[in-house]
Amino acid sequence: MSALRDALRELPDAVFADLLESEDAYLLVIDMPGVTEETIDIDVTDGRLQIEARREKDVPMEFDYLSEERSLFLDAELPLPPDATGSGAEATVARGVLEIVLPKRSAAPDKSVPIKGR
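Source: prediction; values computed, not measured.

Cut-off values and rules
Residues numbered from 1 in each chain as written. Predicted model: local features only at pLDDT ≥ 70, side-chain atom pairs only at ≥ 80, totals over all residues. Heavy atoms only, no water. Patch = residues over 30% accessible without salt bridge, like charges linked within 9 Å, V, L, I, M, F, W, Y side chains within 5 Å. Areas by Shrake-Rupley, 256 points an atom, 1.4 Å probe, with all protein chains shown as cover. Salt bridge = Lys/Arg side-chain N within 4 Å of Asp/Glu carboxyl O. Helix = DSSP H or I, 4+ residues; strand = E, 2+ residues; numbered from the N terminus. Buried < 20%, exposed > 50% of the residue type's maximum accessible area, 1.4 Å probe, protein only. Pairing = 2+ DSSP bridges. Axes fitted to C-alpha atoms, helices over the stretch in contact; angles between N-to-C directions.

**Re a nonpolar patch on the surface**
On the surface, Val59, Phe63 and Tyr65 cluster together to form a nonpolar patch covering roughly 310 Å² of accessible area. Among the secondary structure elements, Phe63 is positioned in the loop between β4 (48-54) and β5 (73-79).

**Considerations on the pattern of salt bridges**
Within the structure shown, the criterion is met by two salt bridges. In this structure, the salt-bridge partner of Lys104 is Glu21, at a minimum N-O distance of 2.6 Å. Residue Lys104 is located in the segment after β7 (97-103), and its partner Glu21 is located in strand β1 (residues 16-21); the two are separated by 83 residues in the primary sequence. With relative accessibility at 15%, the residue Lys104 sits in the buried group. Arg48 is paired through a salt bridge with Glu77; the nearest N and O atoms lie 2.6 Å apart. One end of the pair, Arg48, is in strand β4; the other, Glu77, is in strand β5, with 29 residues separating them in the sequence. Its relative accessible area of 44% is what places Glu77 among the partly exposed residues.

**Some words on the pairing of β7**
Note: strand β2 (residues 25-31) against β7, seven bridges, orientation antiparallel. Note on β7: the bridge partner recorded for Ala25 is Pro103. Pairing of strand β6 (residues 90-94) with β7 involves five bridges; the strand directions are antiparallel. Looking at the pairing, Glu90 lines up with Val101 of β7.

**Here we look at the sheet that holds β7**
The strand order β1-β2-β7-β6 describes an open sheet built from four strands, whose pairing is antiparallel. The sheet is open, and its two edges are formed by β1 and β6, each paired on a single side. With strand direction ignored, the average angle separating the axes of adjacent strands in the sheet is 15 degrees.

This is the structure in C-alpha cells:
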C-alpha cells in the first residue's frame, strides 16, 4: 500500500486525497471541486487506478481570470494496493468530493482439512 500512498503525495498540490482502510475494502476520498459524474472517468486495469476528470466552471461573462490556482484537468494513474481489486469497485461524486471504494480480494474461506489415519 505504500506505493499508493507515495503516488497520492505526487498529485498536484491543489488535489487533496485521503486513503482509508477497513477489513473488506479501501476508500479513496479525493476533493475535486467542479467535477461531476459526467466529467470524470475511472478505470481499473492491470493493478492501476486511472482517474481522468475535468472541472467545469461558470464564469460570468463580464469577468476574466487574473489568476487561477486549480487545474482544469486531473489525469492520475495510481497503483492499487496488492490486496485490492477493481472487481466490484464503486465510485460516487457529490458536492465536489469523489469517493472510490476498492474491495479487497476475498480471502479463501476457512476450510476444514480432513485427516485420514493410516
